[in-house]
Structure formats: C-alpha cells, structure tokens
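Commentary on secondary and tertiary structure
Listed below are the residues making up each chain.
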Amino acid sequence: VASSSWQDQPPGAMAGADSDDSLYPIAVLIDELRNEDVQLRLNSIKKLSTIALALGVERTRTELLPFLTDTIYDEDEVLLALAEQLGNFTMLVGGPEYVHCLLPPLESLATVEETVVRDKAVESLRKISHEHSPVDLEVHFEPLVKRLASGDWFTSRTSACGLFSVCYPRVSSTVKAEIRQHFRTLCSDDTPMVRRAAASKLGEFAKVLELEYVKSDIISLFTALASDEQDSVRLLAVEAGVSIATLLPQEDLEALVMPTLRQAAEDKSWRVRYMVADKFSDLQKAVGPEITKNDLVPAFQNLLKDCEAEVRAAAANKVKEFCENLPEDSRETIIMTHILPCVKELVSDTNQHVKSALASVIMGLSTILGKDNTIEHLLPLFLAQLKDECPEVRLNIISNLDCVNEVIGIRQLSQSLLPAIVELAEDAKWRVRLAIIEYMPLLAGQLGVEFFDEKLNSLCMAWLVDHVYAIREAATCNLMKLVEKFGAEWAQNTIVPKVLGMANDPNYLHRMTTLFCINALSEVCGQEITTKHMLPVVFKMSNDQVANVRFNVAKSLQKIGPVLDSNCLQTEVKPVLEKLASDQDMDVKYFAQEAISVLSLA
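If you're wondering where the values come from, they're calculated on a predicted model, not measured in any experiment.

**Considerations on the environment of threonine 50**
For threonine 50, the position within the fold is in helix H4 (residues 48–55). In this structure the C-alpha to C-alpha distance between threonine 50 and glutamate 210, which are 160 residues apart in sequence, comes to 43 Å.

See below:
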C-alpha cells in the first residue's frame, strides 16, 4: 500500500490516499478491519489472506500481524474467524522459516474467555506446530506452551493442555522432561476446568510418550483424575483409560489400569458409568480376550442392569458389538449364560429409550448365535418387541430384518413377522403407518417379489386410499420405489391396473391420488407404459366434474410431458390442455396455461 504504515492512517484515509488502483480494494479491506460495524470487520477478517497477499510476506510480518495482535479485543465471531485464518497463513508470512511470526496473535487468542475461540486458536497452533523446524519448535513454540501452562487465567492453562502432544515428540530430552512436569502440574490444577482439559488430553499425550513414562507418570495421573471429586473430570478420565490400555503390554494392564476402570464402571455418578458403557467396545478391544472374560463380562452385565435408564440404554446399544468382540472359543457360552438373560429383561424395560436402543441392535445377535439359537431364543424376543407399545421399538426391529432373514430364511420369518407388520400397517396412529410405509421398499427388497405380491401388495394399495393425506402421499412415493426395485414389467402387471382402477372411484380425493401415482410412476415406468396405459386415463379425467381433479390433470400432463414423444404432445396432449385452458374455473385455466408454456406447446 502506498503509505509507509497503513496502521497509522485514520479510518477512511486509505481509500483516498491510494493512487494505485490495484491496491484500492486492499485499502478498503484494511479500513474495514477497524470499522465499527462487526459484520464489516468479520468480512474483512475472512478476506485476510487477500490483504496479506497484496502486502507481501515482509509487510504481512512487520505490519499486519502486529496490528492483528494489538487489536485482539473484539466480538467472538470476529476472533473465531481470525483464529481459523491464521492456521492457514504459513506461506503468506514467508513459509516455515517464518511461521513463528504467527505465534503472538494465536497465543493471545488462546487465552480469551470464549471457549470456541480458544479451541480454534489451539487447533491452528497444532496445525502450524508441524511446520516449525525442531530448532524453532524449542526456541519459539515450546516457550509459548510453557507461558500458557503457567498463565494466571485458567483459560490459558486449558489451552496449553491441547499443545503438549504436538511438540513433545520433536524436542530434546531436557525439554521433554519440562513438558511432562507442566502436564503433571495441570492435572492437579485447582480449577476443575483445567483438570477437565488435562483429562481430555491425557490419552492423546500418553500416545506420544515413551513407554517408561507412560508407566511412571501417566498411570498415576490417570488414577488421580479418575478419582477426582468432579464427575465431569472422572468421566473424561475413562476415555483416557481406554487409550492408555492400548499402549500397555498385556501383563501390565491388570495391575495398572483395570482397578481404576473397574471402579469407574461402579462410580457413584451415573454420567461416569454412562461413559464406561459408551466406550465399552473400545475398552474391550484394548484389553484383549482374557481380561474381557474375567473382568468385562460381569461389568457389562451390571451396566445392562444399571439403575439409571441412560446407562442401560448406552449399554444396550453396545450389545451386538460386545458379543461380536468376545473370544470365539467361549463366545456362545458367554452370550447364552451371561448376556442373553440381561437382554431378555431389557426387552420389557420400563424405559422406551432402553427398549429402542436394544431393538436397533438385537437382530444382529442372530448372525452370531446361528439358526437354532435364533429360532429358539431370539425369535420370541423379536416378536415381543414387535408388539411393543412404543412404535420406535417396533420400527427398529423391522428395519433390521435382513440380519435375521440371512440366518433363518424367509419362510420362518414371514410366519412370525407378517402379522406384526400388518398390525403396524393398520395402526390407528397415522405416524406409525407412515413409518412402516417408509420401510416397505426395504422390506420388499428383503422379502423378494413373490412374497411381496402374495402378502404385502394389498397393504400398499390400501394406503393409497387412506384418509390422511400424508399417508396417501407417502404411499405414492412408496410405489415409485417399489417399481425401481422390481422393474417396469412388474409395475405393468401388478401396480398400474390397480392404480388406474381408482380413476373411477366415487371419492374425488381417490381419483386425485390416481393422478399423483401416475406422476410418480411415469418416470420409472418409461414412455411405452405411460403412453399406452396411463395417458388415456389422464385424458378421460380431464372431463371430471370436480375442478380440483381437472386442474390436477393439467399439472399431471405438465409432469409427464417430458416422458412422452413430441408427436404425442402435439396431437394428443395439446388439444386437451387447450380445452382446459378455456375452462370456466380460474385454477384449471391457470394450471393448463402454465403446462402449455412449460411444455412449449403454444
């Protein structure tokens, strides 16, 4: 920019002072950076890379960055945008050898009060840490981490927690010792927010440490955080425990990690137990088959029987994964003797979220337990859930039918499940009927065309004349999906005749449904079936007594026009639309004229 230092110019002066037209927009952007209007400042921050490119790397370093560092007292959304932009600024300040110039503004941003801004600043700092050379990392980056870690405000100390793991692997052993010490200090900080931040980063930090320090430092920190007075700290320690378990040799797990995790599974706070249930599959993989058999099976049973519904629901969600990950030699025995009794109780749980969580995974057990066990033990549970008063439970079972179908075959399944499907399809609550319609294409795919025609086709047709419009609409969409699955020939033989038969229904709403079905089916059935079978019915309906039906004829012709050939459009469709365009009803006229113009028939 022409002026020696653009920072010293009063707002508005830049645009006038600038004789070089190519830099004029930059002057405007810089003015905007200092404008009173937040939106203008935000826009300018988002174009910061444009300003930096125009200024060049040297002036970006010596003028723009100091200016940004000095003005970090702004609205949160502006600061958030700035924190994000600076993470992509390495090349704009001259590449990796100058990347440390970005540290001062990001350090300031990492200490502000608003959490999302701090998090974004930490994310950008982590990003640019990889672009520092090992020397620069020790000279510039690591001192920044230490300053944040020993800052007076908890905000800076929480930010520091996220930076240890990125610089630790690339510094000298002396500096590594200092970093470990800082992390230890933060784990016992007076402020719960800082301990929470440390607990959330403990697993990540453990992954970059040498094994000896994992054992000597991290385990004691993990144990302390897992028994912190604040449950919000303890639950984050659970996640760290899973990460730590993956790092330790098998022989150390039992002594170093399991006592703390066992304690967490029985914690007095349900939120901590919930976290254990939520992370159970990861924990299982981390500790291996022996500890799973001895320790985790009883712990999982307790979580499935927990007094808090949220914990039971989280554990129920993990039933399938837990069973899949059990050691093969004892899998069936453990499931049948320890897990299945708990699952049976959950099927009639008092809380619908628990039952729903179970219903979404229980079908998966059939592939693990095989045909005989599924028929004897699981099928009765599925049927009980299909009769549950909660629609979500019933739908979760139906949406996962394919797992069971693979194991016990369609005949066995249909005898048991069909009555339940029919019951849902005719449920008094229209939202339940709506949900089962949405699963119909999935069911059709699982059950095959013969079975579908024999048992479910009539249901699909019955929905077309439901008294609720949303059901009729969904049923129309369902037909289209079924034709996509089973093909146009099936449609011509099975669906189209029934749909066209409704054109003579005394109820005009049902006659209109015929038109909606034709709209949906014309595309998937193609030109021949549409021209030969559907179009004559649409023409006939153009003489309907009810104006609503007539204007829907015009809309239908507009919709199916692109499927027809040009000759048919000119000789057959055009005369019908012209006749409707002179109808005495205003709406019929309007839609007919619109169809004529859209189809270019004027």
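**Focus on the UniProt feature "domain: Phosphatase 2A Regulatory Subunit A helical" (unreviewed entry) in the protein chain**
UniProt records the feature "domain: Phosphatase 2A Regulatory Subunit A helical" (unreviewed entry) at residues 102–283, using the numbering of this structure. In this annotation, residues 102–283 is assigned 79% helix and 0% strand; the end-to-end C-alpha distance for the span is 39 Å.

**What about the pattern of salt bridges?**
Enumeration over the complete set of coordinates arrives at 23 salt bridges. Across the salt bridge formed by arginine 234 and aspartate 267, the nearest N and O atoms sit 2.9 Å from each other. You can see arginine 234 sitting in helix H15 (residues 231–247) and its partner aspartate 267 sitting in the loop between helix H17 (258–265) and helix H18 (270–278), a full 33 residues away along the chain. Overall, the relative accessible area of 5% leaves arginine 234 in the buried class. Glutamate 523 is paired through a salt bridge with lysine 559; the nearest N and O atoms lie 3.8 Å apart. Here the residue glutamate 523 occupies a position in helix H32 (residues 508–525), and lysine 559 occupies one in helix H34 (residues 547–560), the gap between them amounting to 36 residues. Residue glutamate 523 is classed as exposed on the basis of its relative accessible area, which comes to 58%. When its relative accessible area of 42% is taken as the criterion, lysine 559 is described as partly exposed.

**Section: a negative patch on the surface**
Taken together, the side chains of Glu75, Asp76, Glu77 and Glu113 present a region of like negative charge at the surface. Here aspartate 76 lies in helix H6 (residues 76–86).

Rules used in this analysis
- Along each chain, numbering runs from 1 in the same order as the chain's sequence is written.
- pLDDT decides what is reported in this predicted model: residues at 70 or higher carry local features, side-chain atom pairs at 80 or more are listed and counted, and totals for whole chains, interfaces and linings draw on all residues regardless.
- Neither water nor hydrogens contribute to the side-chain values; these are computed over all heavy atoms in the structure.
- Helix and strand assignments follow DSSP, with helices taken as H or I runs no shorter than four residues and strands as E runs no shorter than two, numbered in order from the N terminus.
- UniProt positions are given in the numbering used here, feature names are shortened, and annotations may be inferred rather than shown by experiment.
- Any carboxyl oxygen of Asp or Glu that lies within 4 Å of a side-chain nitrogen of Lys or Arg is treated as forming a salt bridge with it.
- Buried means the residue's accessible area, taken with a 1.4 Å probe over protein chains only, is under 20% of the maximum for its type, while exposed means over 50%, and partly exposed covers the values in between.
- In this scheme, patches are assembled from residues that exceed 30% relative accessible area and form no salt bridge. Like charges are connected within 9 Å, while nonpolar side chains (Val, Leu, Ile, Met, Phe, Trp, Tyr) are connected within 5 Å.
- Using the Shrake-Rupley algorithm and a 1.4 Å probe, accessible areas are obtained, with residue cover drawn only from the displayed protein chains.
- Charge counting follows a simple rule: Lys and Arg are positive, Asp and Glu are negative, and His as well as the terminal groups are ignored.
- For this purpose, a charge sits on NZ of Lys, CZ of Arg, CG of Asp or CD of Glu.

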